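# Per-entry structural report
Here is what each chain is made of, one letter per residue.
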Amino acid sequence: MTMTAASAAPVIDALDLTKTYTIGENVVRALQGATLKIYPGDLLAIMGPSGSGKSTLMNILGCLDQPTSGTYRLDGVDVKGLKDDQLAEVRNHKIGFVFQSFNLLRRTNALNNVEQPLIYGGVNARERRTRALAALEAVGLGQRWRHAANELSGGQQQRVAIARALVSEPAIILADEPTGNLDSKSGAEIMCLFQRLNEEKGITIIFVTHDPRIAGHCRRIIRISDGKIVADEVNPSPLQACSDIPEA
Amino acid sequence: MFLVETLQLAFQTLRANKMRAILTLLGISIGVGAVIALISIGTGVRRYVTDQFTSAGTNLILVSPGRMQRGMSGGVFAQPAQLTMSDWQAVSSNVQDTLLTGVAFNRSTTILYAGKQSAVTVNGVTPSVAEINNWTVSAGRFLDEADTSSRARVIVLGTSVVKDLFDDGDDPVGQTVRINGLTFRVIGTLNSKGSSFLGDQDAIAFTPITTAQERLFGTLSVGNNGERLISTMYLQAVDDAHRAGVQTQAINVLADKRKIAPGEANDFTVISQTELVNSFGVILSALTIFLGAIAAISLLVGGVGIMNIMLVSVTERTREIGLRKAIGAKSNAILNQFLVEAVVLSLIGGVVGIGIGIAGAALATQLAGIAAIVEPGPIALAVGFSTLVGLFFGLWPARRASRLNPIEALRFE
Ligand SMILES: Nc1ncnc2c1ncn2[C@@H]1O[C@H](COP(=O)(O)OP(=O)(O)O)[C@@H](O)[C@H]1O
Ligand SMILES: [Mg+2]
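Let me begin by describing the structure that accompanies this report. If you're wondering where the values come from, they're calculated on a predicted model, not measured in any experiment.

Criteria and cut-off values
- Residues numbered from 1 in each chain as written.
- Chains lettered and ligands numbered in written order.
- Predicted model: local features only at pLDDT ≥ 70, side-chain atom pairs only at ≥ 80, totals over all residues.
- Heavy atoms only, no water.
- Near = heavy atom within 4 Å.
- Polar contact = N/O pair within 3.5 Å; in protein donor to acceptor, adjacent residues only side chain to side chain.
- Areas by Shrake-Rupley, 256 points an atom, 1.4 Å probe, with all protein chains shown as cover.
- Helix = DSSP H or I, 4+ residues; strand = E, 2+ residues; numbered from the N terminus.
- Nonpolar A, V, L, I, M, F, W, Y, C, P; charged D, E, K, R; others polar.
- Contact = heavy atoms within 4.5 Å.
- Phe/Tyr/Trp six-rings, centres within 6.5 Å; stacked < 30°, edge-to-face > 60°.
- Buried < 20%, exposed > 50% of the residue type's maximum accessible area, 1.4 Å probe, protein only.
- Salt bridge = Lys/Arg side-chain N within 4 Å of Asp/Glu carboxyl O.
- Pairing = 2+ DSSP bridges.
- Axes fitted to C-alpha atoms, helices over the stretch in contact; angles between N-to-C directions.
- Disulfide = S-S within 2.5 Å.

Residues and elements named next belong to chain A. Near ligand 1 you find Tyr21, Ile23, Val28, Ala30, Pro49, Ser50, Gly51, Ser52, Gly53, Lys54, Ser55 and Thr56, and these make up its full shell. Ser55 is positioned such that a nitrogen or oxygen atom in its side chain is 2.7 Å from an oxygen atom of ligand 1. A total of 560 Å² of accessible area belongs to ligand 1 in isolation, and the protein chains cover 68% of it. Contributions of two or more residues to the shell around ligand 1 are made by β1 (12–23), β2 (26–38) and α1 (54–61). The biggest single contributor to the shell around ligand 1 is α1, with three residues. Classifying every residue of the shell around ligand 1 gives five nonpolar, six polar and one charged.

See the structure below:
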């Protein structure tokens, strides 16, 4: 698939984002003017030490939260001033989340788990099923749709979560430490899956991580410290996860 | 999001948490079951009592000594006073529009036969009393006018008396029994009326009223003014439309005869069987409402159970709620989802409760021998109420769930 095309419109266009938390007398400036553009088809990592503002930035990029100041356009839509329900709609259509702890409905089967975003998107039952099965197929779990989440291994659960992120065909997938709870083999398999989805389907994937191994697989690495972007680097030779999956 | 999707989500969740769902359901089921069973039993008892009164005869008016008053509870009680044969003569010759009239003088005593005895109420009656009160003979004959005028020592026995005194297969008719040292010839036996809350109706024996007053009970039947006492007058109106009129006539005739000044309270009571049924009906309605209220409280407890489980569930599912919001659920979708879960639970609980209630009513019928009557009204009431309970007690947890901040909910451990 193509590399970042300078001519394409950015899928994420954030200008001078700040976020200030006030707790009593204390004012915490979690984000102090972050500006970044992310183009469709990119595979990038946002890195930084604990407390640097990664989660704050991700929550804003993921439309779970609003910046204190600055503008944020997601896929051409200015999300500033949107109400909670409108933000929910934006999340539903434009963003896929993948979490460190999977966040699946444990006793619900894989298919129903993947269907969830489509239910809130008002997609009818038949189409939901077709699309959820296709998403499970894409993550290599087409045969396992009947299994309840808690009957699957950690790696498989994260695949279901990725299928759930994919199923609404979002503009971006935001993955917060997606391999943090996995052993190294499963972790490598998940990174391989992300790279494949990025290359074959051109899906924009943003990792939020402090794990240098994840960053090593990305084409672009944004470093953040004390609420500011301190580096924005291109990784000339990303690692290929699919070729270095350790033997069982 | 549409109702169908919300329902699907609710069923997905309930299926995924069967144990929790079943426990919640149980509370509601027992509540609904209790409401239905208890109200059915109450209705059954009321029907039973009404039937007992109706079996006494239709369009019946009773005249008895003493003033019956309606107490606070709607019950009736009598104050001592005496009615005599001359009162009866006044009533029977002056009151119009009656089909049949009769009079009785009764006392409790013991009947002896072949070394056995039976405690019984001996009713000295005019022959018409049998027909007025729906007594029929199973063997022999009832009393007639000749018996009355000759003060014959003849007696008709109820089934309980027959059972006490005679062996199976023996024919009581023609036998001689003893009461208070007098011998009586048994001329007939009665068909059973069964026993009721009024006692064993078959522990009864009939003799001519003249015999009872003048030969059997002697001085016991003589009143303060030297006249023979009576216990009850029976007046059967020609039809329902004349019932009230007969009642008024009887009151007027008696008040006149007994020289009761205007404004003074009557020292006798003229009551129709319908009024009697109604006064008991008031007590029984209160009973039914009382039973229903107890059951409703248990339903309420079931509702608090739902709220408790839903609240626990909101806490337990905080991350799930965060996740649902992250993937695009609006606040209302979460609210509806939790509400529908609560309502579905209480509806299923209601349906199971109908089964429990009907089974409970059937069991009570078996044990008490009074048929509990299951009516659609209380069923609809119980299920409707349980759904409201689900809605009401589900609302608060559902609101809490819908207002969770997704970021914090997702971070929740
Ligand atoms: N809800 C909040 N209220 C107050 N302070 C917060 C809140 N969320 C984050 N912070 C503060 O903002 C800073 C950045 O936090 P965060 O974005 O979570 O960093 P990271 O994810 O890189 O560890 C930290 O100092 C943190 O304590
Ligand atoms: Mg963080």
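Right, let's talk about the side chain of Glu5 of chain B for a bit. Residue placement: Glu5 of chain B occurs in helix α1 (residues 3–16). Excluding its chain neighbours within four sequence positions, the residues that come into contact with Glu5 of chain B are Ile119, Val123 and Arg128 of chain A.

Our next topic: the packing of aromatic side chains. All names here are of chain B. The final tally for this structure, using the stated rule, is seven aromatic pairs over all chains. Both rings, one in Phe105 and one in Phe217, keep their centres 5.9 Å apart while their planes meet at 65°; by these two values the pair is edge-to-face. Taken together, the residues span a long stretch of sequence, with Phe105 in strand β5 (residues 98–113) and Phe217 in the loop between α7 (209–216) and β14 (229–230) at a distance of 112 residues. Here Phe105 falls in the buried class, since its relative accessible area comes to 1%. Ring plane angle 85° and centroid distance 5.1 Å describe the contact between Phe392 and Phe393, whose orientation is recorded as edge-to-face. What makes Phe392 exposed here is its relative accessible area of 59%.

Glancing now at the pattern of salt bridges. All names here are of chain B. On inspection of all chains with the given rule, the structure shows 25 salt bridges over all chains. Close ionic contact of Asp87 with Arg258 constitutes a salt bridge, the shortest N to O distance being 2.8 Å. Placement of the pair is Asp87 in helix α3 (residues 85–94) and Arg258 in the loop between α8 (243–257) and β16 (268–272), with a sequence separation of 171 residues. For Asp87, a relative accessible area of 1% gives the class buried. Through salt bridges that share partners, Asp87, Lys257, Arg258 and Asp267 make up one connected network.

Moving on to the sheet that holds strand β10 (residues 228–234) of chain A. All names here are of chain A. Read across the open sheet, the six strands follow the order β6-β7-β8-β3-β9-β10; overall the sheet is mixed. A single partner strand is all that each edge strand has here, and the edge strands are β6 (95–98) and β10. Across this sheet, the average inter-strand angle for adjacent strands is 20°, counted without regard to direction. Pairing geometry for strand β9 (residues 220–225) and β10, over six bridges, is antiparallel.

Next up on the list: the state of the cysteines. All names here are of chain A. The full count for this structure, using the stated rule, is one disulfide over all chains. With a sulfur-sulfur separation of 2.0 Å, Cys192 is cross-linked through a disulfide to Cys242. Residues Cys192 and Cys242 are joined through a disulfide that is right-handed, its torsion about the S-S bond being 95°. With Cys192 in helix α6 (residues 184–201) and Cys242 in the segment after β10, this residue pair connects regions lying 50 residues apart in the sequence. Overall, Cys242 belongs to the partly exposed group, its relative accessible area being 38%.

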